Amino acid sequence: MQKKCITPLMLSTLHKLQANGIRLAIATGRSPMTVPLEEFPGVQFDVFITFNGSYCYDKDRVLFASPIPTEDIRTLRRNAAALGRPMCLATESRLAANGADADLADYCAIAKIPVPIAEDFDALAAYDIVDCDWSSDVCSSDLIGGRAEEYGRLMQDVHGAKIAAWWDRAMDIIPTAGGKGTGIAHVLAAYGIDKADAMAFGDGNNDLEMFGAVGTGVAMANGSDALKAAATDICGACAEDGIYHYCVEHGLIEA
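From a predicted model like this one, the values you see are computed outputs, not experimental measurements.

Thresholds, definitions, all that
Residues numbered from 1 in each chain as written. Predicted model: local features only at pLDDT ≥ 70, side-chain atom pairs only at ≥ 80, totals over all residues. Heavy atoms only, no water. Buried < 20%, exposed > 50% of the residue type's maximum accessible area, 1.4 Å probe, protein only. Helix = DSSP H or I, 4+ residues; strand = E, 2+ residues; numbered from the N terminus. Pairing = 2+ DSSP bridges. Right-handed = clockwise from strand over helix to strand, strands pointing away. Axes fitted to C-alpha atoms, helices over the stretch in contact; angles between N-to-C directions. Parallel < 35°, antiparallel > 145°, perpendicular 65-115°, else oblique. Left-handed = near helix turned anticlockwise from the far one by under 90°. Contact = heavy atoms within 4.5 Å. Nonpolar A, V, L, I, M, F, W, Y, C, P; charged D, E, K, R; others polar. Core = buried A, V, L, I, M, F, W, Y, C linked by side-chain atoms within 4.5 Å. Polar contact = N/O pair within 3.5 Å; in protein donor to acceptor, adjacent residues only side chain to side chain.

Trainee: Help me out: how do you make sense of the pairing of strand β11 (residues 216–220) in this one?
Mentor: A regular strand places its side chains on the two faces of the sheet in alternate fashion. Among the 5 residues of β11, 4 are classified as buried, and the element is accordingly described as predominantly covered. Pairing of β11 with strand β12 (residues 233–235) involves 3 bridges; the strand directions are parallel. In the strand pairing of β12, methionine 220 is matched with cysteine 235. Taken together, β11, helix α8 (residues 225–230) and β12 form a β-α-β motif whose crossover is right-handed.

Trainee: Help me out: how do you make sense of the packing of helix α1 (residues 8–19) against helix α9 (residues 242–249) in this one?
Mentor: Between two packed helices, the angle of one axis relative to the other and the distance separating the axes together describe the packing. For the pair α1 and α9, the least separation of the axes is 8 Å and the interaxial angle reads 40°. Taken together, α1 and α9 sit at an angle that is classed as oblique. In this structure, the crossing between α1 and α9 has a hand that is left-handed. Packed against α1, whose contacting residues are Leu9, Met10, Thr13 and Leu17, the element α9 presents Ile243, Tyr244 and Cys247 at the interface. In terms of residue class, the contact of α1 with α9 is built from 6 nonpolar, 1 polar and no charged.

Trainee: Teacher, can you tell me more about the nonpolar core here?
Mentor: Counting residues in hydrophobic clusters, the biggest one holds 29 residues, and the most contacted among them are Leu14, Leu24, Ile26, Phe40, Val43, Phe45 and Phe48. Residue assignment for this core shows that the elements contributing at least two residues are α1, β3 (55–57), β5 (87–90), β6 (95–97), α3 (102–110), β11 and α9. In this structure isoleucine 26 touches Val35, Phe40, Phe45, Val47, Phe48 and Ile49, once residues within four positions along its chain are discounted. In terms of nonpolar packing, the next biggest core, distinct from the first, is built from 18 residues, Ile73, Leu83, Ala96 and Ala161 among them.

Trainee: Just to check I follow, could you spell out the side chain of lysine 180 for this structure?
Mentor: Relative to the helices and strands, lysine 180 resides in helix α6 (residues 180–191). At 3.4 Å, the side chain of lysine 180 forms a polar contact with the backbone oxygen of alanine 27. Leave out the neighbours within four places in its chain, and lysine 180 touches Ala27, Thr28, Asn52, Gly53, Asn206, Asp207, Glu209 and Met210.

Trainee: What's the story with α9 in this structure? I'm lost.
Mentor: For an α-helix, the turn length of 3.6 residues means that residues three or four places apart are oriented alike. Residues Gly242, Ile243, Tyr244, Tyr246 and Cys247 constitute the buried set of α9. The inward-facing, buried residues of α9 abut α1, β10 (199–202), β11 and β12.

Trainee: How do you make sense of unusual backbone geometry when you look at a structure like this?
Mentor: Note: most residues except glycine have negative phi, and most peptide bonds are trans. One non-glycine residue, asparagine 52, adopts positive backbone phi at about 55°. Along the polypeptide, asparagine 52 turns up in the loop between β2 (47–50) and β3. Positive phi is not limited to glycine here, since aspartate 241 has a value of about 55°. Residue placement: aspartate 241 occurs in the loop between β12 and α9. Relative accessible area serves as the criterion here: at 14%, aspartate 241 is assigned to the buried category.

Keep in mind that these numbers describe shape and distance, not what the molecule does.
Here you go:
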């Protein structure tokens, strides 16, 4: 997995966009408590689209929230246990896991946190949950068929949740009514912004729905083939400050 970091030029791009009156939203699969704001010094995001669009908010209000039904949490827990995999539940204020393995530990490490094993996991699982992470034993992009089979076993008899995966060793399970596209649609409605006037940049398959919710979806050169196929346009890779060059070339900011 390619390590990503925010470059000085990317930070400058965000500052310039905001100075030009463009609202900034960060769309992520992370929970609100693990959004890495420290990596964006001086940037004031207008909106946070978290849990892959299932929990969206600004500094004043919650714009959209959609939990996974409690019965589906119970089913997911049984299915994950049958597969011998731990799961991590997430609310807007905390994370809680019922165990750990190497895949889940590496997944949490991306957010720079240990696996949050919780003694009160059973109690938390009795409530509606916004997001659920489940670690998979699929470690190679060559096992696409195997991944599909794993997904099916995990989601058996689950009716109010779906998978939003961006990494081949783990998956996010979010409410059926959630998704980045749904979250963005609610955000645009709250701010009175037309879809045609919204633009999104992305690089993973969990950005596919997001591209359907905006007028211009720009895929990074390092993005997935599926996302590039669905994109309105393609810009340079993250490591090459692709967003900066795209914004300059399209007159959104000055060099």
